[in-house]
Amino acid sequence: MTKKNYKIAVLPGDGTGPEVTAEAVKVMNASASIFGFKLEMQTFDWGGDRYLATGNVLPDDAVPTLKKFDAVLLGAIGHPKVKPGILEKGILLKLRFDLDQYINLRPVKLYPGVETPLKDKGPEHIDYVVVRENTGGIYTGVGGISMKGTPNEVAIQSMVYNRFQVERCLRYAFDLVCKRHTKSKPWKGLKESDIKEGKIGQLTLCGKTNVLTFVYDLWERAFYEIAKEYPQVKTDYCHVDATCMWMVKNPEWFDVIVTGNMFGDIITDLGAITQGGMGIAAGGNINPTGLSMFEPIGGSAPKYTGLGVINPLAAICSG
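1. Concerning empty space enclosed by the protein
- Tallying each qualifying case throughout the model produces 1 cavity of 30 Å³ or more.
- Approximately 30 Å³ is the volume attributed to the largest cavity.
- Forming the boundary of the largest cavity are Gly137, Ile138, Met159, Tyr161, Tyr216, Gly260, Asn261, Met262 and Phe263.
- A total of 3 residues in the lining of the largest cavity trace back to one element, the largest contributor, which is helix H9 (residues 261–274).
- For the lining of the largest cavity, the class distribution of residues is 6 nonpolar, 3 polar and no charged.

Right under this line is the structure:
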């Protein structure tokens, strides 16, 4: 039986976050009315203003509180009066890690009527998904600084992955390809020879095996081992720099891209501008068996607060 009642935690955040979130909530409530389900929303003031007033980024019970909800809608995090990194690490990364939202899901889709800076490309060319591993890699903060402020200062931040993290991300990506396509409607980018072999879609691993020879060796070995369980999925590999090039020159070559945390963060912003800009790009921090959090991928844009000029579509699509 399909669930009819959903509890949604709303974190409007900072800057223009509350403005775009308000528009998303309007559309969500209209959808609930049209499609016959109910939404119970509760708003939390977790963001820069609260931090400046209390000195606390999140309350101690933030995670157990959120776990009582079905999903989280986030506006944007980032306050001009708060040092960069405090809110981002204290809210965004903490919630991703503590809620084990190990998939960052980013559809890169150009909608009809939306302009793209890519010459001669239309909606039929830009329609793919980036699966970014979301809780490991260099973002976990393994490392440190010694002799800070001296001429001999040393800074180290390490990219760390274990096999478990890599495998679960890859399996999610392979499953996503299968969900996007059926044999009766294979991915349009496949060649006739691929279709004859029963392929329905393609998964591209984005890495840097020629330089990051330890971490992406692990990713690549796991990728091709798991691929044996998905004979219907065509596999491909691209270095991250080549991926950026093809995302501009031939975005139609991509179906689903899977990559690590840092590369995923970079290429999804490139993908966003090709689909019309940050005002269009929606994303999800996914825990497939737990609580997920959805957000526009643009920042809080505080200098535009109250001007009514920020595109709310990214927040609406996130909703």
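2. Focus on the state of the cysteines
- Throughout the structure, instances matching the rule amount to 0 disulfides.
- Looking at Cys169, it has no disulfide partner, and the nearest cysteine sulfur is the one in Cys206, 12 Å off.

3. Regarding the nonpolar core
- Among the nonpolar cores identified, the biggest contains 43 residues, and Val131, Leu203, Trp219 and Val258 are the most heavily contacted of them.
- Those residues in contact with Val131 that lie beyond four places of it in its chain are Ile103, Asn104, Leu105, Cys169, Tyr172, Ala173, Leu176, Val256, Ile257, Val258 and Thr259.
- One finds Trp46, Ala62, Leu95 and Leu99 within the second-largest nonpolar core, a separate group that totals 21 residues.

4. Regarding the packing of helix H5 (residues 163–180) against helix H7 (residues 215–227)
- For the pair H5 and H7, the least separation of the axes is 10 Å and the interaxial angle reads 45 degrees. It follows that H5 is oblique to H7 by the angle criterion. Crossing of H5 against H7: the hand is right-handed. Here Arg163, Val166, Glu167, Cys169, Leu170, Arg171 and Phe174 of H5 come into contact with H7, specifically with Leu218, Trp219, Arg221, Ala222, Phe223, Glu225, Ile226 and Ala227.

5. Here we look at unusual backbone geometry
- The phi dihedral of Asp100 falls on the positive side, at around 50 degrees, and the residue is not glycine.
- Of note, Asp100 is situated in the loop between helix H4 (86–98) and strand S4 (103–109).
- Residue classification places Asp100 among the partly exposed positions, given a relative accessible area of 28%.
- A positive phi angle, near 65 degrees, is found at Asp120, a position not held by glycine.

6. Quick look at the pattern of salt bridges
- Counted according to the given criterion, the structure contains 17 salt bridges.
- The salt bridge involving Asp265 is made with Arg132; its shortest N-O contact spans 3.8 Å. Pair noted here: Asp265 is in helix H9 and Arg132 is in strand S5 (residues 127–133), with a separation of 133 residues, a long-range link.
- A relative accessible area of 27% means that Asp265 is categorised as partly exposed.
- Its relative accessible area of 5% is what places Arg132 among the buried residues.
- When the shortest N-O distance is used, the salt bridge between Arg163 and Glu167 registers 2.7 Å.

7. Notes on the side chain of Glu295
- Looking at where Glu295 falls in the secondary structure, it is placed in strand S12 (residues 292–296).
- Engagement of the side chain of Glu295 in a polar contact is seen with the side chain of Asn285, the distance being 2.8 Å.
- When near neighbours in sequence (up to four residues on either side) are disregarded, Glu295 contacts Leu74, Leu92, Arg96, Ala282, Gly283, Asn285 and Ser318.

Conventions used here
- Residues numbered from 1 in each chain as written.
- Predicted model: local features only at pLDDT ≥ 70, side-chain atom pairs only at ≥ 80, totals over all residues.
- Heavy atoms only, no water.
- 1 Å grid on protein atoms, 1.4 Å probe; cavity = no way out; pocket = protein on both sides within 12 Å on 5 of 7 lines; lining within 4 Å.
- Points joined across faces, edges and corners; volume = space filled by probe spheres on them.
- Helix = DSSP H or I, 4+ residues; strand = E, 2+ residues; numbered from the N terminus.
- Nonpolar A, V, L, I, M, F, W, Y, C, P; charged D, E, K, R; others polar.
- Disulfide = S-S within 2.5 Å.
- Core = buried A, V, L, I, M, F, W, Y, C linked by side-chain atoms within 4.5 Å.
- Buried < 20%, exposed > 50% of the residue type's maximum accessible area, 1.4 Å probe, protein only.
- Contact = heavy atoms within 4.5 Å.
- Axes fitted to C-alpha atoms, helices over the stretch in contact; angles between N-to-C directions.
- Parallel < 35°, antiparallel > 145°, perpendicular 65-115°, else oblique.
- Left-handed = near helix turned anticlockwise from the far one by under 90°.
- Salt bridge = Lys/Arg side-chain N within 4 Å of Asp/Glu carboxyl O.
- Polar contact = N/O pair within 3.5 Å; in protein donor to acceptor, adjacent residues only side chain to side chain.

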